[in-house]
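So you can see what is in the structure, the chains are spelled out below.
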Amino acid sequence: MAKGKQVCILGESPLVVEYASLCLNKGFKVHARLNVSSKSAKLPKGIKRVPKPTRSTDIALELTNISIKEKKKNLIELDRIVRPKVPILSSCVTVTAAEQSGWITRPARLIGLGALPSLLEGTLIELATSDATDKPSIAAAKEFTKAVGKNCALVRDSVGLVLPRIVCMLANEACFALMEGVAAKRDIDTAMKLGTNYPFGPIEWAERIGLRQVFAVMAALHQEFGEDRYRVAPLLRQGALQNVFPGG
Amino acid sequence: MIKSVGIVGAGTMGNGIAQVAARAGFDVVLYDISTEVLKDAMARIKEDFRRGVEKGKITATEATEAFSAIHPRRNFGDMGNADFIIEAVAEDLNVKKEIFKKLDAIVAPEAILTSNTSSLSISAIASLTKTPESVVGMHFFNPPALMKLVEVVRGRQTSDETTKTACDLALRMKKIPVVCKDTPGFIVNRVARPFYGEALRLLAEGVATVEEIDMIVKMEGGFKMGPFELMDLIGIDVNYAVTKSVYEQFFHEPRFRPHPIQRQMVEAGTLGRKTKKGFYTYK
Ligand SMILES: NC(=O)c1ccc[n+]([C@@H]2O[C@H](COP(=O)([O-])OP(=O)(O)OC[C@H]3O[C@@H](n4cnc5c(N)ncnc54)[C@H](O)[C@@H]3O)[C@@H](O)[C@H]2O)c1
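All of these numbers come straight from a predicted model, not from anything done at the bench.

This part takes up the overall build of chain B. Across its full length, chain B holds 12 helices and 8 strands. About 12,600 Å² of surface is accessible on chain B, with carbon and sulfur atoms providing 55% of the total. When the 38 basic and 35 acidic side-chain charges of chain B are each reduced to a single mean position, those positions are 2 Å apart.

Here you go:
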C-alpha cells in the first residue's frame, strides 16, 4: 500500500527516528528533517535528510512535542511548501489539533496524531481532528496508519489524548512517591509490574518515553486544565532538565 | 530462626497466606473468631492443595505435609508460641489495634507482628504495643498463592531488623518483597490511582468511550486489561473505597480525588462483574 509513496517527516528526536524507521520499513520513501534542538541525532540509513519540506510528498508528519515554537515553525513551513491537498499529521499530545489549525492557512488537511516516543511498540495509533479537518484528510490519515501496520482510534481532540495522558499521569505519581521517599526507584517499578500487571514500571516507562517528553505532556495538561491534579512532580521537572533523574 | 507463623483471621487473605506459609515449611497456627470461617478455610485449603496435586504443581506428600502443618485454632492464646504473626482480619483500625494489644501481651518479646492491611497506617496499628519497633506491614495481594508481590511497610517506629526479617520471610515464601514507607496507599494502591482516575475523566469529558479507552490502553500501551474492565473486576465499590481512603488520608490532595461516576455507580448498585452490571454488562 505504501509502495513508492513518499512521506516527509519533520520534528524532534527520537520521534522522527521512530516514525521514519517504521515508514521506511513499510515501503515508504522517507524524507526527514530534525529540529535544530535534535540536530545531533542520527537517522538510520535509507532516510534522506532534507533541508526543507518536500513539495511533492504524499503525506507529511510533524513530530514535535517539546518546543511549541519549533512545532509552529515546522507546520507553517509544511503548509506553505507541501502541495495543498496533502494531509499533514501532526502530534497533538502537548497542543491540541484545534490550536494548531489556527497556525496554518489550510487547516482542513491537519490531523492530530498521538505521537510519543516508544508508543509505536504498540499496535494502535490515536488520531484526533479539529473542526476544520476535512473528510479526505481523515481518510488519508487512517490509510496511513494502516499502511504502517497499525490500528487507529479517532478520539476527541484533547491534550494528552488517551494513553499518553494516562501513562504520563502514572509516571508523574510515581515521581511524587519517589521524591517523597516512599520506596526506591526500582522497587516502585517492581511493585507496579507485580501488583497490577503493568507492562512497564512507571519510572522505567518515563525513562523509555523520555523525561522531557513526559514533562512536556504534564506541563501541557496542567496548563490546559489549570488544576492542581496535573501539577508536575518537582522530581520530574528536575529530571527533565538533564533527561535523567537526579542521582541517576 | 522463624519456625512458627501465627495468622490472625482466616478469611480470603488469611487462608491464602496460611497455604503459602505452610508450603514454605513453616508451622502455621490459623486463628479466627468464627468457627464457621475456620472450618470453611480448612476445607478451602484442602481443596486448593488437592487441585495443586491434580495440576502437578505439588506432590501428594508435599500437600499432605503442608496441610498437616496448618493448625486451625479458636483460642487466641494458642498464638503465643508463634515467632512471627501475620494479621489479616477485617479492615478496621479499632479491631486491628485491639488485636495487636492482645498479641503484644502473649507473644515472646522478640516476636515480629505484621499486618496485611491495605489502607490503614502501620504506625497507628503499632501504637498500642510495647514494641512498635517489631511491628511492620506485610501487604500481600489477592490471591496470595498466585501474587508474587509483598509490600513490606515500615511504620514510623519499625526497626531495620524487623524490616529485614519480614523481607526474609517473604523471600522464604517465594514472594518478592518491596520495602516502602508507611504512607497512604503504600506504593501500588497510590501509584495506580491515575489509571482509574484519568480514565474516568476521559470518559466524562467525552474524549473516548469506555470500549475505546480500554482498547486504546491495551493495544497502544500493552496493558493486559483496560481501566474499565479492571474496575468491573475489582468491584466499583471496592475501587471507590480505596480511592476515597487514599484521598482522605492525603488531606484531599486533588490527584487522588474520586470521580462522581464512581459514586453514582455505587449508589445505583452497579458494582461490576459481581452484580453483572458495571461499565459493561455480563451474562
Ligand atoms: N481481599 C483482598 O483483596 C485484600 C488484599 C490485600 C490485603 N487485604 C487486607 O487483608 C485483610 C483481610 O481481608 P480479607 O479480604 O481476607 O477479609 P475477610 O473478610 O475475607 O476476612 C477477615 C476475617 O477476619 C475475621 N475476624 C474479624 N474480626 C476478628 C477478630 N477480632 N479476631 C479474629 N478474626 C477476626 C473474620 O471472621 C474474617 O474471617 C484486610 O486488612 C484487608 O484490607 C485484602
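So that's the structure; there's more coming.
With that settled, consider the domain arrangement of chain B. Assigned domains of chain B: these are domain 1 (4–181) and domain 2 (189–275). Placing a centre on the C-alpha atoms of domain 1 of chain B and another on those of domain 2 of chain B gives a separation of 30 Å.

With that settled, consider the environment of Ile216(B). Residue and element names in this part refer to chain B. Its place among the elements puts Ile 216 in helix α9 (residues 210–221). Take Ile 216: its relative accessible area is 0%, and that puts it in the buried class. For the pair Ile 216 and Gly 226, spaced 10 residues apart in the sequence, the C-alpha separation amounts to 8.1 Å.

In this structure the tally under the stated criterion is 31 salt bridges over all chains. The residue Glu91(B) makes a salt bridge to Lys96(B) at a minimum N-O spacing of 3.6 Å. One salt bridge connects Lys274(B) with Asp237(B), and the closest N-O pair in it is separated by 2.9 Å. With Lys274(B) in the segment after α12 (260–268) and Asp237(B) in helix α11 (residues 236–249), this residue pair connects regions lying 37 residues apart in the sequence. Accessibility expressed as a relative area gives 24% for Asp237(B), which makes it partly exposed. Each member of the salt-bridge network shares a partner with another, and the members are Glu173(A), Glu180(A), Arg231(A), Arg190(B), Glu253(B) and Arg255(B).

Quick look at the domain arrangement of chain A now. Residues and elements named next belong to chain A. Along its sequence, chain A is carved into domain 1 (6–154) and domain 2 (163–242). Computed over C-alpha atoms only, the centres of domain 1 and domain 2 are separated by 26 Å. Residue-level contacts link 11 residues of domain 1 with 12 residues of domain 2. Counting across the interface, domain 1 meets domain 2 through 1 salt bridge. Ionic pairing is found between Glu 121 and Arg 208, a salt bridge with its closest N-O pair at 2.6 Å. In this assembly, domain 1 and domain 2 are joined by 4 residue pairs in polar contact (both at pLDDT 80 or more). Split into classes, the residues belonging to the side of domain 1 that touches domain 2 amount to 5 nonpolar, 3 polar and 3 charged.

Turning our eyes to something else, we now look at the nonpolar core. Within the largest apolar cluster, 95 residues are counted, with the highest numbers of intra-cluster contacts made by Val162(A), Met218(A), Ile187(B), Phe195(B), Phe223(B), Phe228(B) and Phe279(B). A total of 12 residues in this core trace back to one element, the largest contributor, which is helix α5 (residues 163–179) of chain A. When residues no more than four places from it in sequence are discounted, the contact partners of Ile187(B) are Val182(A), Ala183(A), Asp187(A), Ile188(A), Ala191(A), Met192(A), Glu151(B), Val178(B) and Cys180(B). Counting residues in each nonpolar core, the second largest holds 37 residues, with Ala10(B), Phe26(B), Ile70(B) and Val150(B) among its members.

For the rest of this paragraph, the subject is the site of the ligand. Residues and elements named next belong to chain B. Neighbouring residues of the ligand: 21 residues in total, closest Met 13, Asp 32, Glu 91, Lys 96 and Ser 118. Contact distances for the ligand include 2.8 Å between an oxygen atom and a backbone N or O atom of Met 13. At a separation of 3.3 Å, an oxygen atom of the ligand approaches a polar backbone atom of Val 89. For the ligand, the accessible surface in isolation is 830 Å², of which the surrounding protein chains cover 75%. For the ligand, the cavity whose grid points lie within 2 Å of the majority of its atoms is the largest pocket. Of the residues forming the shell around the ligand, the biggest block, 3 residues, is contributed by helix α4 (residues 93–106).

Computed from the structure, the largest pocket encloses a volume of approximately 1,400 Å³. Around the largest pocket sit 47 residues that line it, and Phe141(B), Asn142(B), Asn189(B), Ile234(B) and Val238(B) are the ones nearest its centre. Elements that contribute at least two residues to the lining of the largest pocket include exactly α6 (185–196) of chain A together with α1 (12–23), β6 (135–140), α7 (188–191), α8 (193–204), α10 (227–234) and α11 of chain B. Here the element with the most residues in the lining of the largest pocket is α11(B); it accounts for 6 residues. Among the residues making up the lining of the largest pocket, the classes are represented as 25 nonpolar, 16 polar and 6 charged. Size it by volume and the second largest pocket reaches roughly 800 Å³. If you go around the second largest pocket, you meet 25 residues; those closest to its centre are Gln19(B), Val20(B), Lys57(B), Ala145(B) and Leu146(B). Among the elements that take part in the lining of the second largest pocket, α1(B) stands out by supplying 6 residues, more than any other. Taken together, the residues of the lining of the second largest pocket sort by class into 9 nonpolar, 6 polar and 10 charged.

This part is about the interface of chain B and chain A. Between chain B and chain A, the contact holds 43 residues from the first and 48 residues from the second. For Glu227(A), the salt bridge goes to Arg201(B), with nearest N and O atoms at 2.8 Å. Linking chain B with chain A are 16 residue pairs in polar contact (both at pLDDT 80 or more). Listing elements by their share of the side of chain B that touches chain A, those giving two or more residues are β8 (176–181), α7, α8 and α9 of chain B.

This part is about a positive patch on the surface. A contiguous patch of positive charge, built from Lys39(A), Arg49(A), Lys69(A) and Lys73(A), is present on the exposed surface. Within the fold, Lys39(A) resides in the loop between β2 (29–34) and β3 (48–49).

Right, let's talk about unusual backbone geometry for a bit. For residues besides glycine, phi is generally negative; the peptide bonds are generally trans as well. Here the amide bond leading from Ser13(A) into Pro14(A) is cis, since omega sits at 5°, within 30 degrees of zero. As for its position among the elements, Pro14(A) is in the loop between β1 (6–11) and α1 (15–25). A cis geometry characterises the amide bond from Asn142(B) onward to Pro143(B), with omega recorded as -5°. Looking at the secondary structure, you find Pro143(B) in the loop between β6 and β7 (149–154). The phi torsion at Ser118(A) lies on the positive side, around 80°, for a residue other than glycine. Mapped onto the fold, Ser118(A) is located in the loop between β6 (110–113) and β7 (124–129). Its identity as a non-glycine residue notwithstanding, Leu161(A) has a phi of 45°, on the positive side. Secondary-structure assignment places Leu161(A) in the loop between β8 (151–154) and α5. Owing to a relative accessible area of 0%, Leu161(A) belongs among the buried residues under this scheme.

Thresholds applied
- Residues numbered from 1 in each chain as written.
- Chains lettered and ligands numbered in written order.
- Predicted model: local features only at pLDDT ≥ 70, side-chain atom pairs only at ≥ 80, totals over all residues.
- Heavy atoms only, no water.
- Helix = DSSP H or I, 4+ residues; strand = E, 2+ residues; numbered from the N terminus.
- Areas by Shrake-Rupley, 256 points an atom, 1.4 Å probe, with all protein chains shown as cover.
- Lys, Arg positive; Asp, Glu negative; His and termini not counted.
- Charge placed at Lys NZ, Arg CZ, Asp CG, Glu CD.
- Domains from an automatic or database assignment.
- Buried < 20%, exposed > 50% of the residue type's maximum accessible area, 1.4 Å probe, protein only.
- Salt bridge = Lys/Arg side-chain N within 4 Å of Asp/Glu carboxyl O.
- Contact = heavy atoms within 4.5 Å.
- Polar contact = N/O pair within 3.5 Å; in protein donor to acceptor, adjacent residues only side chain to side chain.
- Nonpolar A, V, L, I, M, F, W, Y, C, P; charged D, E, K, R; others polar.
- Core = buried A, V, L, I, M, F, W, Y, C linked by side-chain atoms within 4.5 Å.
- Near = heavy atom within 4 Å.
- 1 Å grid on protein atoms, 1.4 Å probe; cavity = no way out; pocket = protein on both sides within 12 Å on 5 of 7 lines; lining within 4 Å.
- Sits in = over half its atoms within 2 Å of the grid points.
- Points joined across faces, edges and corners; volume = space filled by probe spheres on them.
- Patch = residues over 30% accessible without salt bridge, like charges linked within 9 Å, V, L, I, M, F, W, Y side chains within 5 Å.

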